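Coordinate inspection notes
What follows is each chain in one-letter form.
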Amino acid sequence: MPDPSVRLSGSVRGVDSSAIRDLLTLTARPEVISLAGGLPAAEMLPTARMADAAWRVLRSPEAAQYTETTGIGALRELLARRQSAELGREVDARDVVVTSGSQQALDLIARALVDPGDAVVLEEPAYPGARQVFQSVGARIESVPLDADGMCTGRLGEMLAAGLRPVLVHTVATFHNPRGVTLAAARRVRLAALADRYGFLVVEDDPYGQLYFHTPPPAPVAAASDLVVRLGSASKTLAPALRTGWLTGPRELCRAVERLKQAADLCGSALSQSIAVELLSDEEWLAAHLASLRAVYGERATALAAAMRTVFGERITCTDPDGGMFCWVQFRDGTDTDRLLAAAVTRGVAFVPGGAFSPWLTTALRLSYATAAPEVLRDGVARLASAHASI
Ligand code: PMP
């Protein structure tokens, strides 16, 4: 029997499938060295510490119940204290909403703020999950370029001066996905000043900020303006499966997000959130865990960038990451990275081609170094070189 045809809404018809999530299913074979996904290293997931916490938490009926839509009080209070220290001003626990990963925060923010046809500014290249969300609400997406110091706020200033009136500007200011760059301190202040002047909200999407290798990143954009909604996540520092993210921002927005979250899923998982509280409030353990993540990812980043330079030399430019999970590579010789990917997968290595982030970036690619040890990364780069030689 033929499949019944289903009439889909206009909003879903405007949403592209995530090229990265599609690619991840392709590269799940164990023989493939995947430099594609932005996942934490399996061996760095704190499974033993989570098992202890879960054992304790599972004995309390509250962790097995429905909970407040905005998240369990203990987690919101802990996050409010942490944000107060980071922003240098008091953040109230009522202005924190816990979400199912920061991806849900993006979705709820988009639905709270954007009407079809409203302008939304994304970085170019953008985190594809943000593009999908803003497509789903019918936003008119405008792009602002990035350079080695992050978003070109000068260019954004020109676009605003020329009449652009976005409802929001999305930025991954620290250890950008996919570019790996960090927004310079002066540009953070400039972005905050533009938000104040033109009245848009900055969505400061910050899942990677704690993963710095040497020095902490500059103060958040949210430290310089109240017109910022800041997103955090336990996915990269604890475990993605906790599906625990959060947002902090203007109270009116938090209440709108709360209403939309009631409609979306009533509340998040009290069980996951209680495990997150156990881990995040154990300061000594957390400091040691973050220190080992920083050391391991830092070593891998150095190994990958060095191997890419040794093998490809002048044919590429390659970022030297200061934190996060990604290395961005630009081919100078015009290599089409979609074609390179097809050859690479047959040789057992995968990456994300630049076209997944922007249709113009056909000669760039994103490599993630998080999940592979240095010797595996070197093997992956050798396979990539053999793929490059074959096309
Ligand atoms: N924002 C950015 C920039 C990301 O890279 C990711 C995950 N790849 C997310 C948000 C969503 O992560 P999560 O929902 O797991 O918190």
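This one's a predicted model, so the numbers in the text were calculated from it and none came from an experiment. (Residues numbered from 1 in each chain as written. Predicted model: local features only at pLDDT ≥ 70, side-chain atom pairs only at ≥ 80, totals over all residues. Heavy atoms only, no water.)

**A word on the state of the cysteines**
Evaluated as defined, the whole model comprises 0 disulfides. Not engaged in a disulfide, the cysteine Cys 318 finds its nearest cysteine sulfur in Cys 327; these two sulfurs lie 3.5 Å apart. On the accessibility criterion, Cys 318 (12% relative accessible area) is buried. (Disulfide = S-S within 2.5 Å. Buried < 20%, exposed > 50% of the residue type's maximum accessible area, 1.4 Å probe, protein only.)

**Digging into the side chain of Arg 179**
Within the fold, Arg 179 resides in the loop between strand 6 (168-171) and helix 8 (185-198). For the buried residue Arg 179, which engages in no salt bridge, the nearest side chain bearing the opposite charge is Asp 147, 6.7 Å off. Apart from the residues lying within four places of it in its own chain, the contact partners of Arg 179 are Pro 125, Leu 146, Asp 147, Ala 148, Thr 319 and Trp 328. (Helix = DSSP H or I, 4+ residues; strand = E, 2+ residues; numbered from the N terminus. Lys, Arg positive; Asp, Glu negative; His and termini not counted. Salt bridge = Lys/Arg side-chain N within 4 Å of Asp/Glu carboxyl O. Contact = heavy atoms within 4.5 Å.)

**Observations concerning the confidence of the model for the protein**
Per-chain confidence: the protein averages 95 in pLDDT, with 97% of residues scoring 70 or above. Quick note on the complex model: pTM equals 0.95, ipTM equals 0.99. (pLDDT = per-residue confidence, 0-100.)

**A few points about the site of the ligand**
Taken together, 13 residues lie around the ligand, and Ser 102, Asp 205, Tyr 208, Ser 233 and Ser 235 are the ones closest in. Within the contact set of the ligand, an oxygen atom lies 2.6 Å away from a side-chain nitrogen or oxygen of Tyr 208. In isolation the ligand exposes 400 Å². Once the protein is present, 91% of that is buried. Taken together, the residues of the shell around the ligand sort by class into 4 nonpolar, 6 polar and 3 charged. (Near = heavy atom within 4 Å. Polar contact = N/O pair within 3.5 Å; in protein donor to acceptor, adjacent residues only side chain to side chain. Areas by Shrake-Rupley, 256 points an atom, 1.4 Å probe, with all protein chains shown as cover. Nonpolar A, V, L, I, M, F, W, Y, C, P; charged D, E, K, R; others polar.)

**So, the sheet that holds strand 7 (residues 201-205)**
The mixed open sheet is built from 8 strands, whose spatial order is 2-9-8-7-6-3-4-5. Here the strands that pair on one side only, and so sit at the sheet edges, are strand 2 (96-99) and strand 5 (150-151). With 2 bridges connecting them, strand 3 (residues 119-124) and strand 6 associate as parallel partners. Bridge pairing links Val 120 to Leu 168 in strand 6. Where helix 9 (residues 251-265) meets the sheet, it contacts strand 2, strand 7, strand 8 (228-233) and strand 9 (245-248), and its direction lies at approximately 30 degrees from that of strand 2. (Pairing = 2+ DSSP bridges. Axes fitted to C-alpha atoms, helices over the stretch in contact; angles between N-to-C directions.)

**As for unusual backbone geometry**
The omega torsion across Glu 124 and Pro 125 is 5 degrees, close enough to zero to call that bond cis. Along the polypeptide, Pro 125 turns up in the loop between strand 3 and helix 6 (128-136). Cis geometry marks the peptide bond from Asn 177 to Pro 178; its omega dihedral reads 15 degrees. Relative to the elements of secondary structure, Pro 178 occurs in the loop between strand 6 and helix 8.

**Digging into the pairing of strand 7**
Across the 5 residues that make up strand 7, a large majority, 5, are buried. Here strand 7 shows a buried face lined by Leu 201, Val 203 and Asp 205 and a second buried face lined by Val 202 and Glu 204. Sheet topology places strand 6 next to strand 7; 4 bridges connect them, and they run parallel. By the bridge assignment, Leu 168 is partnered in strand 7 with Leu 201. Two elements, strand 7 and strand 8, share 4 bridges in a ladder whose sense is parallel. The residue of strand 8 that forms the bridge with Asp 205 is Leu 231.

**Side note on the sheet that holds strand 10 (residues 316-318)**
The sheet built from 4 strands is open, its strands ordered 10-11-14-13 with antiparallel pairing. The strands lining the two open edges of the sheet, one partner per strand, are strand 10 and strand 13 (352-353). Note: strand 11 (residues 326-331) against strand 14 (residues 364-368), 5 bridges, orientation antiparallel. Residue Val 329 lies in a different strand from strand 14, and its bridge partner there is Leu 365. Contacts from helix 11 (residues 283-312) reach strand 10, strand 11 and strand 14, with the element oriented near 170 degrees to strand 10.

**Remarks on the pattern of salt bridges**
Inspection of the entire model under this criterion finds 21 salt bridges. Of the charged contacts, one joins Asp 95 and Arg 251 as a salt bridge, the two residues approaching to 2.7 Å between their closest N and O atoms. Note that Asp 95 is positioned in the loop between helix 4 (73-87) and strand 2 and Arg 251 in helix 9, a separation of 156 residues in sequence. Among the residues examined, Arg 251 registers a relative accessible area of 35% and is labelled partly exposed. The shortest N-O distance in the salt bridge between Asp 206 and Arg 230 comes to 3.0 Å. Highlighted residues: Asp 206 in the loop between strand 7 and strand 8 and Arg 230 in strand 8, separated in sequence by 24 residues. Accessibility expressed as a relative area gives 15% for Asp 206, which makes it buried. A relative accessible area of 8% places Arg 230 in the buried class.

**Some details on the nonpolar core**
Counting 99 residues, the largest nonpolar core has Leu 156, Leu 191, Phe 200, Tyr 297, Met 308, Leu 367 and Leu 384 as its most contacted members. Among the elements that take part in this core, helix 11 stands out by supplying 12 residues, more than any other. Beyond its immediate stretch of four places on either side in the chain, Leu 156 contacts Val 121, Val 144, Met 151, Val 169, Leu 191, Leu 194 and Phe 200. Counting residues in hydrophobic clusters, the runner-up holds 24 residues, among them Ala 110, Ala 130, Val 137 and Leu 168. (Core = buried A, V, L, I, M, F, W, Y, C linked by side-chain atoms within 4.5 Å.)

**Structural notes on a nonpolar patch on the surface**
Taken together, the side chains of Val 6, Leu 8 and Val 12 define a hydrophobic patch exposed on the protein surface, amounting to about 270 Å² of accessible area. Here Val 6 is to be found in the segment before helix 1 (10-13). (Patch = residues over 30% accessible without salt bridge, like charges linked within 9 Å, V, L, I, M, F, W, Y side chains within 5 Å.)

**Overview of the pairing of strand 4 (residues 140-147)**
The pairing of strand 3 with strand 4 spans 6 bridges and is parallel. Note on strand 4: the bridge partner recorded for Leu 122 is Ser 143. Assessed by its sense of winding, the connection that carries the chain from strand 3 through helix 6 to strand 4 is right-handed. As paired strands, strand 4 and strand 5 are joined by 2 bridges and run antiparallel to one another. Across the sheet, Asp 147 pairs through a bridge with Gly 150, a residue of strand 5. (Right-handed = clockwise from strand over helix to strand, strands pointing away.)

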